[in-house]
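The chain contents come next:
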Amino acid sequence: MLSISNLEVVYDDVILVLRGISLDVPDGSIVALLGANGAGKTTLLRSITGLLDLHEGEITKGRITLDGEPIQKLPASRIVHRGIKQVMEGRRVFAEFTVEENLRVGAHTAKRGSTAASLDRVYGLFPALRDRRRQAAGYLSGGEQQMLAMGRALMSDPRCLLLDEPSLGLAPLLVQQIRDLIVEINAQGTTVLLVEQNANMALSIAAQGYIMETGKIVMDKPSSELLDDEDVREFYLGLREGSDAKSFREVKHYKRRKRWLS
């Protein structure tokens, strides 16, 4: 469905942020994109959704295609109409609007007459939102606001949902709830590109995983293989020695140096 090929992005005409990124998101799948802060994950999502201009960014090389057709030059509104929706890091709910008003904002690109059915779907996925539908969104907990942001994006029945750090700042029990909700959303037919620092959560539900560092993809494998990869376990899951390395590539360097010294 969604394909990124050899993508380069520059900010302020001088700062090269993405360096030849290639990534595929098959129809009906969950794909995980992992990386530490500053790796360029959010920039990649902005590139897909047409929001780079708002941040003085520009695609200088490469292609982004949806169903084989290039979309990297389309305005953000057209990309939304094509069926791609992004849930941004930090939730970005309208604090003074009620829960239901927030959800209805998300339906502005939906087919006429479909809002009631979309509300039923979202309330079925997130029962807590139904209970609080007349409450101001600013008074929701962090986990509820994340659910609201996801529900708002689903109101137009997107084909592909881009999630930027949905578990950030949430307690472990809420992370598990968000994980289960992503699985259910995908089971209902929505393709998901999941950007996460919580590698264990992301890889446990994704079919394919990509690891990004300093604007490059440094590894991509089926998620089950990444979970079993010793270097991934050391850096992203912190399970073995070398986990204090500052980057994924430092883990590999640490191990090579240790073998050499021995």
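Look up a bit, the structure's there.
Quick summary incoming for the structure in this document.

Let's shift gears to the sheet that holds strand 5 (residues 69-70). Read across the open sheet, the four strands follow the order 2-1-4-5; overall the sheet is antiparallel. One side of each edge strand has no neighbouring strand; the edge strands of this open sheet are strand 2 (15-25) and strand 5. Bridge count for strand 1 (residues 2-11) against strand 2 is eight bridges, and the pairing is antiparallel. From the neighbouring strand, Leu2 faces strand 2, where its bridge partner is Val25. Sheet contacts for helix 1 (residues 41-49): strand 1, strand 2 and strand 4 (57-66); angle to strand 1, the most-contacted strand, approximately 110°.

Note that Arg152 resides in helix 6 (residues 142-154). Buried charge without a salt bridge: Arg152, with Glu101 as the nearest opposite-charge side chain at an N-O distance of 11 Å. Beyond its immediate stretch of four places on either side in the chain, Arg152 contacts Lys85, Arg91, Arg92, Val93, Phe94, Asn102, Leu103 and Gly106.

Right, let's get into a negative patch on the surface. On the surface, Asp12, Asp13, Asp53, Glu56 and Glu58 cluster together to form a negatively charged patch. Within the secondary structure, Asp12 is located in the loop between strand 1 and strand 2.

Moving on, we come to the packing of helix 6 against helix 7 (residues 172-187). A pair of packed helices can be characterised by two numbers: the angle between their axes and the separation between those axes. Between helix 6 and helix 7, the least distance of the axes is 10 Å, while the angle of their chain directions is 15°. One finds that helix 6 runs roughly parallel with respect to helix 7. The chirality of how helix 6 crosses helix 7 is right-handed. Two secondary-structure elements touch here, helix 6 through Gly143, Gln146, Met147, Met150 and Leu154 and helix 7 through Leu174, Gln177, Ile178, Leu181, Ile182 and Ile185. Its residues placed into classes, the contact of helix 6 with helix 7 shows eight nonpolar, three polar and no charged.

Attention now goes to helix 6. Compared with an ideal rise of 1.5 Å per residue, which puts 13 residues at 18 Å, helix 6 spans 19 Å between its outermost C-alpha atoms and is within 8% of the ideal. The buried count for helix 6 comes to twelve of 13 residues, which makes it a mostly enclosed element. Residues of helix 6 that are buried: Gly143, Glu144, Gln145, Gln146, Met147, Leu148, Ala149, Met150, Gly151, Arg152, Ala153 and Leu154. Along its buried surface, helix 6 packs onto strand 6 (84-87), helix 3 (99-106), helix 4 (115-125), helix 5 (127-131), strand 7 (160-164) and helix 7.

Next up on the list: the packing of aromatic side chains. This structure, assessed with the given rule, holds one aromatic pair. On the numbers, 5.3 Å between centres and 35° between planes, the contact of Phe94 with Phe97 is tilted. Overall, the relative accessible area of 39% leaves Phe94 in the partly exposed class.

Cut-off values and rules
- Residues numbered from 1 in each chain as written.
- Predicted model: local features only at pLDDT ≥ 70, side-chain atom pairs only at ≥ 80, totals over all residues.
- Heavy atoms only, no water.
- Pairing = 2+ DSSP bridges.
- Helix = DSSP H or I, 4+ residues; strand = E, 2+ residues; numbered from the N terminus.
- Contact = heavy atoms within 4.5 Å.
- Axes fitted to C-alpha atoms, helices over the stretch in contact; angles between N-to-C directions.
- Buried < 20%, exposed > 50% of the residue type's maximum accessible area, 1.4 Å probe, protein only.
- Lys, Arg positive; Asp, Glu negative; His and termini not counted.
- Salt bridge = Lys/Arg side-chain N within 4 Å of Asp/Glu carboxyl O.
- Patch = residues over 30% accessible without salt bridge, like charges linked within 9 Å, V, L, I, M, F, W, Y side chains within 5 Å.
- Areas by Shrake-Rupley, 256 points an atom, 1.4 Å probe, with all protein chains shown as cover.
- Charge placed at Lys NZ, Arg CZ, Asp CG, Glu CD.
- Parallel < 35°, antiparallel > 145°, perpendicular 65-115°, else oblique.
- Left-handed = near helix turned anticlockwise from the far one by under 90°.
- Nonpolar A, V, L, I, M, F, W, Y, C, P; charged D, E, K, R; others polar.
- Expected span 1.5 Å × (residues − 1).
- Phe/Tyr/Trp six-rings, centres within 6.5 Å; stacked < 30°, edge-to-face > 60°.

From the geometry alone we can't say anything about function, so treat these as descriptive.
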